Amino acid sequence: MLNNLINRHDADRLLRKVRRLELDPVLAKLRVRGGARVVQHWSQVDPSLTEWWAIPAVVRRWNLLMTGDADISFPSYVAGKHFAPRTDLRGLSLGCGTGGNELLWARTGAFGLLEGVDVAQQRIDFATRAAAENGLSDVLRFRVTDVNQMAADGERFDVLLGLQSLHHFDNLDETLPRLARLISPGGTFVVDEFVGPTRFQWTDGQLAAANELLAQLPEERRRLPDGRIKRRVVRPSRLSMVLDDPSEAVDAAALLPGLRRHFDVVEERPYGGTVLHIAFSGIAHNFLDQEPHTLALLEKCFAAEDSVLADVGHDFVAMVCRARGAD
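Residues numbered from 1 in each chain as written. Predicted model: local features only at pLDDT ≥ 70, side-chain atom pairs only at ≥ 80, totals over all residues. Heavy atoms only, no water.

(A) Main features of the overall build of the chain. Helix and strand counts for the chain stand at 15 helices and seven strands. Sorting the 327 residues of the chain into buried and exposed places 48% on the buried side. Restricting the contact set of the chain to residue pairs at least 6 apart, pairs at least 24 apart contribute 81%. As displayed, the chain offers around 15600 Å² of accessible surface, 54% of which is attributable to carbon and sulfur atoms. (Helix = DSSP H or I, 4+ residues; strand = E, 2+ residues; numbered from the N terminus. Buried < 20%, exposed > 50% of the residue type's maximum accessible area, 1.4 Å probe, protein only. Contact = heavy atoms within 4.5 Å. Areas by Shrake-Rupley, 256 points an atom, 1.4 Å probe, with all protein chains shown as cover.)

(B) Highlighting unusual backbone geometry. The linkage connecting A84 with the following residue, P85, adopts the cis geometry, with an omega of 5°. You can see P85 is positioned in the loop between α5 (74-83) and β1 (89-94). Here R199, not a glycine, exhibits a phi torsion of approximately 55°, which is positive. Looking at the secondary structure, you find R199 in the loop between β5 (183-194) and α10 (204-216). Unusually for a residue other than glycine, F200 sits at a positive phi of about 55°. By the secondary structure assignment, F200 is in the loop between β5 and α10. Classification of F200 as buried rests on a relative accessible area of 16%.

(C) Main features of the sheet that holds β5. Within the open sheet, the seven strands sit side by side as β3-β2-β1-β4-β5-β7-β6. Their pairing is mixed. The open sheet has two free edges, formed respectively by β3 (140-144) and β6 (263-270), since each of these has just one partner strand. Here the average twist between neighbouring strands, direction ignored, is 20°. Most of the contacts of helix α7 (residues 121-133) go to β3, to which it runs at about 170°, and overall it touches β2 (111-118) and β3. (Pairing = 2+ DSSP bridges. Axes fitted to C-alpha atoms, helices over the stretch in contact; angles between N-to-C directions.)

(D) Summary view of the pairing of β5. Of all 12 residues in β5, 10 are buried, a share of seventy percent or more. As defined by bridge partners, strand β4 (residues 157-163) adjoins β5 across six bridges and the pair is classed as parallel. Each residue of the ladder has a partner; that of L161, found in β5, is V190. Once the chain exits β4 it traverses helix α9 (residues 172-180) before rejoining the sheet at β5, and the crossover so formed is right-handed. (Right-handed = clockwise from strand over helix to strand, strands pointing away.)

(E) Quick look at the layout of surface pockets. Here the second largest pocket is characterised by a volume of approximately 160 Å³. Taken together, A57, R60, R61, L64, L65, A70, E299, F302, A303 and D306 make up the lining of the second largest pocket. Mapped onto the lining of the second largest pocket, the elements with two or more residues apiece are α4 (56-67) and α14 (292-306). With five residues, the top contributor of residues to the lining of the second largest pocket is α4. Broken down by class, the residue content of the lining of the second largest pocket amounts to six nonpolar, no polar and four charged. (1 Å grid on protein atoms, 1.4 Å probe; cavity = no way out; pocket = protein on both sides within 12 Å on 5 of 7 lines; lining within 4 Å. Points joined across faces, edges and corners; volume = space filled by probe spheres on them. Nonpolar A, V, L, I, M, F, W, Y, C, P; charged D, E, K, R; others polar.)

Quick look at the structure:
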């Protein structure tokens, strides 16, 4: 309806919230607009165990596709191949959230200082505590700031990190060159990003593959946190996406072409997610254990995605880039 501006699933979700007496949060979102809604959304700091990134076997799959070795993480791979022997790099991570990714990069030993910036003070506070608890306060610092102002002020970094944050940026042909100005001459832009459909408007091919995968999973593996069984994947309406977080995948489909257009790509490693990301959404907590039967089932899921990637493409990519014209 209206290019999927709204759909019947919006009514179903609203009815469930009314039945659970959760209407007030929905109405509150309608009262908060634009950037303030983005900040409100990202002020929540509780990590989700219901999404695919919580599954240890999925993380090992990422490692394999990104680095060629399931036991080597992307940060370790990049530090060893592209940063060594430097141990004094100055880095900036965009949209750092609660700092989980930044802890991994700080532990590589490549940075003398790694700063993380975000829009939500609650997340910055959480990240600051996490850095202290992990003994990394001398390397990691976090702050709420405007990256556009940082560029205007002439701040420069040896390494710029875009870790699942760039797909929240719009006006990419203006934004990406502005981000390039944050990189020192000869510096590096490291990207680990969602580059799939804008506003999660999944393609018909994705939906068909994801729903075929879901149909093959045992019912107990498809149980949502509220007890319902996930029967199928649906394409979210554009309105529901905007109400939840106006920045989510706001121009995601243009991100990969934009990166290739504005930066010199040194290395590009796609790692799927086109099926697994949406099939596992909301039910990943049912796959967290390391039991043999769980791992065997996950291997079947991985094979199902691999079988269609040539047709449906990759929604996630890891890249190492340099600012256009850099040595």
